[in-house]
Amino acid sequence: MIFRTPGYYGKFRCIADKCTDNCCIGWEIDIDSETMDYYSSVGGSFGGRLKNSIKDGSFVLTEGERCPFLNSRNLCDIYTELGEAHLCQICTDHPRFYEWFGNVKEGGLGLCCEAAAKLILSEDMTLTETVIPDEDCDECDSGLYELLLSARDAIIKHLQNDSFPEAVCTMLDFGEELQFRIDNGDLTLPAWERTTQVETPDIQAIMEFYASLEPIDENWRPYMERCMAGEGRYCPEYEVYLRRIAVYSIFRFFMKGVFDGEILSRVKLAAVSAWMVGHLVLCEGRGADIAETAKNYSKEVEYSEKNLDALADAFYDEECFSTPRIMGMFADM
Ligand code: SF4
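Calculation rules
Each chain carries its own residue numbering, running from 1 in the direction its sequence is written. In view of the model being predicted, local features appear only for residues whose pLDDT reaches at least 70, and side-chain atom pairs are presented and counted only at 80 or more, with totals across whole chains, interfaces and linings using the full set of residues. Labels follow the DSSP assignment, with helices taken as runs of H or I lasting at least four residues and strands as runs of E lasting at least two, numbered in each case from the N terminus. Note on method: radius of gyration uses C-alpha positions; expected globular size equals 2.2 Å times residues raised to 0.38. By the convention adopted here, residues are in contact when the distance between their C-beta atoms, placed from the backbone, does not exceed 7 Å. Nearness between a residue and a molecule or strand is assessed with a C-beta atom placed from the backbone; a distance within 6 Å qualifies. Charged residues are taken to be Asp, Glu, Lys and Arg, nonpolar residues to be Ala, Val, Leu, Ile, Met, Phe, Trp, Tyr, Cys and Pro, and polar residues to be all remaining types, Gly included. In this analysis, strands are considered paired if DSSP registers two or more bridges between them. Axis geometry follows a simple rule: fit a line to the C-alpha atoms, using only the stretch in contact for helices, then measure angles between N-to-C directions, giving values from 0 to 180 degrees. Geometric relationships in this document are graded by angle, where less than 35 degrees denotes roughly parallel, more than 145 denotes roughly antiparallel, 65 to 115 denotes roughly perpendicular, and other angles denote oblique. Each nonpolar core consists of buried Ala, Val, Leu, Ile, Met, Phe, Trp, Tyr and Cys residues. Their C-beta atoms, within 7 Å, join them into a set. In this scheme every C-beta is placed from the backbone, and a residue whose C-beta has 20 or more other C-beta atoms within 10 Å is buried, one with 12 or fewer is exposed, and one in between is partly exposed. What fixes the domain bounds is an automatic or database domain assignment. Between the first and last residue of a helix there are one fewer steps than residues, each counted as 1.5 Å, and that sum is the expected span.

A. Seen up close, the overall build of the chain. For the chain, the count of helices and strands is 15 helices and six strands. For 333 residues, the compact-globule estimate of 2.2 N^0.38 gives 20 Å, and the C-alpha radius of gyration of the chain, at 21 Å, lies within 12% of that figure. Seen through its C-alpha atoms, the chain measures out along the principal axes to roughly 70 × 50 × 35 Å. Counted over contacts in the chain with a minimum sequence separation of 6, partners at least 24 positions apart contribute 74%.

B. Spotlight on the site of the ligand. Residues in contact with the ligand, as listed here, are Cys14, Ile15, Ala16, Cys19, Asn22, Cys23, His94, Pro95, Cys113, Glu114 and Ala115. When its residues are assigned to classes, the shell around the ligand shows eight nonpolar, two polar and one charged.

C. Structural detail: unusual backbone geometry. The omega torsion across histidine 94 and proline 95 is 5 degrees, close enough to zero to call that bond cis. Assignment of secondary structure puts proline 95 in the loop between helix H4 (89-93) and strand E4 (96-101). The omega torsion across phenylalanine 164 and proline 165 is 15 degrees, close enough to zero to call that bond cis. When you line up the elements, proline 165 lands in the loop between helix H6 (142-161) and helix H7 (166-183).

D. Summary view of the pairing of E4. As paired elements, E4 and strand E5 (residues 104-109) share six bridges and run antiparallel to each other. Its bridge partner lying in E5, tyrosine 98 is registered against glycine 107. What sits between the antiparallel neighbours E4 and E5 is a turn of two residues, in which glycine 102 has the positive phi angle 60 degrees.

E. Spotlight on the pairing of E5. Two strands pair when backbone bridges link them, and strand E1 (residues 2-6) and E5 are joined in this way by three bridges, in the parallel orientation. Paired with phenylalanine 3 across the bridge in E5 is lysine 105.

F. Seen up close, the packing of helix H13 (residues 290-302) against helix H14 (residues 305-317). Put simply, H13 and H14 touch, their axes get as near as 6 Å, and they point 85 degrees apart. With respect to their mutual orientation, H13 and H14 come out roughly perpendicular. Taken together, the residues of H14 that come into contact with H13 (itself represented by Glu300, Val301 and Glu302) are Asn307, Leu308 and Leu311. A breakdown of the residues in the contact of H13 with H14 according to their chemical character gives three nonpolar, one polar and two charged.

G. Here's a closer look at the sheet that holds E4. If you trace the four strands from one edge of the open sheet to the other, you get E4-E5-E1-E6, paired in mixed fashion. Each edge of the open sheet is held by one strand with a lone partner, namely E4 and strand E6 (127-131). Neighbour-to-neighbour, the strand axes of this sheet turn through a mean angle of 25 degrees, independent of strand direction. In the sheet, E1 pairs with E6 via five bridges, with the strands oriented antiparallel. If you follow phenylalanine 3 over to E6, its bridge partner there is threonine 130.

H. Representation of the nonpolar core in the model. Ranked by internal contacts, the top residues of the largest apolar core, which has 80 residues, are Val168, Met171, Ala246, Ala271, Ala274, Val277 and Ala294. Broken down by element, the residue count for this core peaks at 13 residues, all from helix H12 (residues 264-284). Structurally, this core is a two-domain feature, drawing no fewer than three residues from each of domain 1 (24-93) and domain 2 (142-330). Discounting chain neighbours no more than four positions away, the residues touching valine 168 are Ala246, Ala271, Ala274 and Phe330.

I. Summary view of the domain arrangement of the chain. What the domain assignment lists for the chain is domain 1 (24-93) and domain 2 (142-330). Spacing between the C-alpha centres of domain 1 and domain 2 amounts to 35 Å.

J. Geometry of the environment of serine 304. Positionally, serine 304 belongs in the loop between H13 and H14. Taking the number of C-beta atoms within 10 Å as the measure of exposure, serine 304 has 16 and is therefore partly exposed. Taking the C-alpha atoms as reference points, serine 304 and leucine 213, 91 residues apart in sequence, are found 9.4 Å from one another. In this structure, serine 304 is in contact with Glu214 and Ile216, ignoring residues within four places of it in sequence.

K. Expanded view of H12. In this model, H12 (21 residues) spans 30 Å end to end at C-alpha, consistent with the 30 Å of a helix rising 1.5 Å per residue. Counting buried positions over the 21 residues of H12 gives 19, a clear majority of the element. Once H12 ends, the next one or two residues include glycine 285, with phi positive near 90 degrees.

As structure tokens, then:
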């Protein structure tokens, strides 16, 4: 089968004890059944430690929500004692993500890891393909897959090459028309053109919505409340990075539409995420690190199914997330 990834995928290296926001802190870590079987078979004192540190299929976090195997030097004791091959699937994969479409597997790096965020923001995404052994996966609608693949290629090409943020607004028009066609059984690609009149954005409502999301990190709400006090505006100073964030989001989420026919909310997610990261960096002021801001945003928004679902609903239900108003976030109004 084909394995399609961004060009930077193979460059990722975990920075382990040098990481300032270790992914073994603050998350519930579920153990897959194969690894669980292996851990149950481990004997001796380390086997006892494993048994005492796992409950209901997850590691029992210690004070400060640390993984019980993360030692005082922020290194993993399972890695040291049993070897990399015996990490559970989630620890082996993180921050990589995968999606399967028939005989195609796609893989990428998640923005929620600080080493991955630096890579994602450091270069324009190019996609590469290699051939790998077949893996089990569900079939998908090949007609819709081909349409969405062409649509995603077009969006990425325009986001990377057209004037920005105009390309984001055209992407929203394109997403509206493509969703309309899919809903009506028309599997053809719309033109890349502007049609919608921009409306005045409601930044306050958007910030309040983000502040209401389930906090993954305890600092998220106070941070959002501080940022709500700032002036809400598009941040052209970071344009090259905002393009890359929009492209990352489209690569990661857009093709999921093959499974549910939903693409407009994913297009809006890419637009709003790029704007939000730029806005949060502006609020943080001079010296803010956009990779750090993007990482914190991704952690809160992209790594909670509940938050992603809430946003997907809000993109249809909340007036502040209407297409003309999102376009207004990028306009100099
Ligand atoms: S967040 Fe990324 S760099 Fe940090 S420990 Fe996890 S995988 Fe490594």
